[in-house]
Amino acid sequence: MTMTDLDIATSTELAARLIPEEELRPRSVDDVTRLPSFAGRLEECGRLTGTPYCEAPLDLQNALVFRRLQQLVGIALLNPLWRERLHYFGIHGAPADMSEWERIPLSDKTVQRDMFMGARAGMVVPLDHGGFEVVASGGTGDGMPLEIVYSLRELRDTYRIAGAFMGAYQLGRYLRGPAPRWLFTTLADYQMWSSGTMVGGVLSHVPEVNYIGAGPVSAPVLEHMFSYPGHKALMGITAGIALLPELGAGLSPQARASFRVAMYGSGSLPQRKRDELQAFFPNVSILSYFAATQAECVGLQLDHASPALSAVPGLHLVEIVDEQGRAVAEGEEGELVVTRLHADETPLLRLKLGDRMIRRPALNGPGLRAERFEFAGRTADVLHLNDSQYSATLAYAALRGRLRSTTGIDLDLVAHEVQFHNHREDRILSLLAAVDDAEGMAAAVEHALGPERDPPAVHPGAAELPVALQRPGGQRGGHRADRVRVPAGVRAPRLTADRADHRRQDAAGERPGLSTR
């Protein structure tokens, strides 16, 4: 069959051929263990159409993914705990369309814990069968690991699919130099925090590169790694990538020139840190690798000039949804929800990862066809003032713009880090910005504001600016004109695990949201 044959064999018909009716609703656990892998179905799709699945028409991709979702619901209904949960919400069989799929309730960390910790009652194939891997995230508010269980067979499939995608559509354009080519990661497992395992599994399957799982490194070790001949890419947590110019101070010019890709793990990298990286490493391109322990490769930034993240076709269903769990329109912001497509034995349907995304238009060829989205912040990035709530991301953007227009100071360019602190008893909101010259910046802000404004309250290394939050259209929130004080020059402490709800590390590293502590 060729692509022109799709005029006869529609996308839906081909999807039904790839996952036939007898496999759509397995009757027993043993039936589940005998199901052909979904990875094999993706490969078969490529053979039938004569094009790689990643480049297949979006209609065909969507049809096959939906057929797979129907199968996953059928599999989940074999499990008593999943069956009880789905029946409670009126789900008794495979969804007929995406509207019915969206009736399935969103899962969160509590659901994940109930399903895959303790008795692990959410596993369709019991743990006694063997062949599983337990991984965990340390980025939880209570400090305890949050575990999830994977079939090793299916996990290896996802590593292979995501690694091949990285090589073909992301790293290939940047690591063009003569062999050997290198891919390092400074992620590491620690206290059941499985970031090195999950992301390292993907990176080790990127074709035609040499992989090193270095873990945290000292300056001498970094110098040793960068002494290897050939172009290099390095993936690490956001804070670790930001520190590379300092850590690599002793690198030779030749070693610095060989560094071609810096990949930071999820969230956003401040503009100042980007400028420092590119000043120190003249040939480096900065890309985002967005992941979690529950989804080892949610989205990849393919082009350093665009912040859009691309989903790996056939790896997960990535949804950006509103408060009712329905898909938002292109250009709108919503909650990131992920369903693993390679999860026969341990399904976890519609998991919220705690991130906000903007849905972007899909890539639609020629070549790659994939869904896209853009990081917009953490779900917990909300400012609570009395009975009103504000987006910390939008509040920071507005405050940064006002400060820049009034004083000429751009926080994105001068601040190493920023963090909101909410002093609820005093009804004061503070924005802390870590800068090099705290006193000088405070003086500049005070001078720019002039005598007609309340002057900054100068503390050791800090200045506080009175500001008031307003709702769109100029209407103040439902509280009195609370003072929002901006310590424009304070050297903020590095954010630590006790602020885990708002700025934390996860499987692929740090999610640098704006803390609203």
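Each residue is numbered by its place in its chain's sequence as written, counting from 1. A pLDDT threshold of at least 70 governs which residues receive local features in this predicted model, and a stricter bar of 80 or more applies before side-chain atom pairs are shown or counted, although totals over entire chains, interfaces and linings include all residues. Here the side-chain values reflect all heavy atoms present in the structure, with hydrogen atoms and water set aside.

Here's the deal with the pattern of salt bridges
Once their charged atoms are close, side chains differing in charge can pair, the charge on each being opposite to the other. The condition that has to hold: The term salt bridge refers to a side-chain nitrogen of Lys or Arg lying within 4 Å of a carboxyl oxygen of Asp or Glu. Exposure is judged per residue with a 1.4 Å probe applied to protein chains only, and the accessible area is read against the type maximum: over 50% gives exposed, under 20% gives buried, and values in between give partly exposed. Going along the chain from the N terminus, every DSSP run of H or I of four or more residues is numbered as a helix, and every run of E of two or more is numbered as a strand.
If you walk through the whole model with that rule in mind, you get 19 salt bridges. Salt-bridge contacts for Arg-34 lead to Asp-31; the nearest nitrogen and oxygen are separated by 2.9 Å. The partly exposed category is assigned to Asp-31, whose relative accessible area is 25%. Between Arg-173 and Asp-303 there is a salt bridge; the shortest N-O distance is 3.7 Å. With Arg-173 in the loop between helix H9 (152-170) and strand S3 (182-185) and Asp-303 in the loop between strand S8 (295-301) and strand S9 (309-310), this residue pair connects regions lying 130 residues apart in the sequence. With a relative accessible area of 39%, Arg-173 lands in the partly exposed category. A relative accessible area of 28% means that Asp-303 is categorised as partly exposed. Through salt bridges that share partners, Glu-43, Asp-157 and Arg-160 make up one connected network.

Notes on the pairing of strand S4 (residues 210-213)
Heads up, the rule is: At least two DSSP bridges between two strands are required for those strands to pair. Think of it like this: strands point away, you trace from the first strand over the helix to the second, and a clockwise trace means the crossover is right-handed.
Inspection of the sheet shows S3 paired to S4 by four bridges, in the parallel sense. From the neighbouring strand, Phe-184 faces S4, where its bridge partner is Ile-212. Traced from S3 through helix H10 (residues 195-203) to S4, the parallel crossover comes out right-handed.

Observations regarding the packing of helix H1 (residues 11-18) against helix H4 (residues 38-49)
Pairs of packed helices are described in terms of their axes, by the angle between the two and the distance that separates them. As a reminder, the rule being used: Helix axes are fitted to C-alpha atoms over the stretch in contact, other axes to C-alpha atoms as well, and angles between N-to-C directions run from 0 to 180 degrees. Roughly parallel covers angles under 35 degrees, roughly antiparallel covers those over 145, roughly perpendicular covers 65 to 115, and oblique covers all other angles. Note on convention: the crossing is left-handed when the near helix lies turned anticlockwise from the far helix by less than a right angle, right-handed when the turn is clockwise. The contact rule is simple, with two residues in contact once any of their heavy atoms fall within 4.5 Å. Following the grouping adopted for this structure description, the nonpolar residues are Ala, Val, Leu, Ile, Met, Phe, Trp, Tyr, Cys and Pro, the charged ones are Asp, Glu, Lys and Arg, and the polar ones are all others, Gly among them.
Between H1 and H4, the shortest axis-to-axis distance is 10 Å and the interhelical angle comes to 130 degrees. As summarised for this structure, H1 and H4 are arranged oblique, according to the angle between their axes. H1 and H4 meet at a crossing whose hand is right-handed. Contacts between H1 and H4 pair Leu-14, Arg-17 and Leu-18 from the former with Arg-41, Glu-44, Cys-45, Leu-48 and Thr-49 from the latter. Considered class by class, the residues forming the contact of H1 with H4 number four nonpolar, one polar and three charged.

Examining the packing of H1 against helix H5 (residues 58-76)
Where H1 contacts H5, the two axes come as close as 8 Å, and the packing angle between them is 40 degrees. Considering the angle they form, H1 stands oblique to H5. For H1 against H5, the interelement crossing comes out right-handed. Contacts between H1 and H5 involve Ser-11, Thr-12, Leu-14, Ala-15, Ala-16 and Leu-18 from the former and Asp-59, Leu-60, Ala-63, Leu-64 and Arg-67 from the latter. Within the contact of H1 with H5, the residues separate by chemical class into seven nonpolar, two polar and two charged.

Section: the confidence of the model for the protein
Detailed reading of predicted coordinates is not advised where the pLDDT is low. Let me state the cut-off plainly: For every residue, the predictor assigns a confidence score, pLDDT, that lies between 0 and 100.
In this model, the protein carries a mean pLDDT of 83, and residues with pLDDT of at least 70 account for 81%. For residues 456-517, every residue scores under 50 in pLDDT, and the model assigns this stretch 211 contacts once sequence neighbours within four places are set aside.

Some remarks on the sheet that holds S8
As summarised here, the arrangement of the 11 strands in space is S4-S3-S5-S6-S7-S8-S9-S13-S12-S11-S10, forming an open sheet in which the pairing is mixed. Each edge of the open sheet carries a strand with a single partner, namely S4 and strand S10 (316-321). Pairing of strand S5 (residues 232-236) with strand S6 (residues 259-265), which is carried by five bridges, proceeds in the parallel orientation. In the strand pairing of S6, Ala-233 is matched with Val-261.

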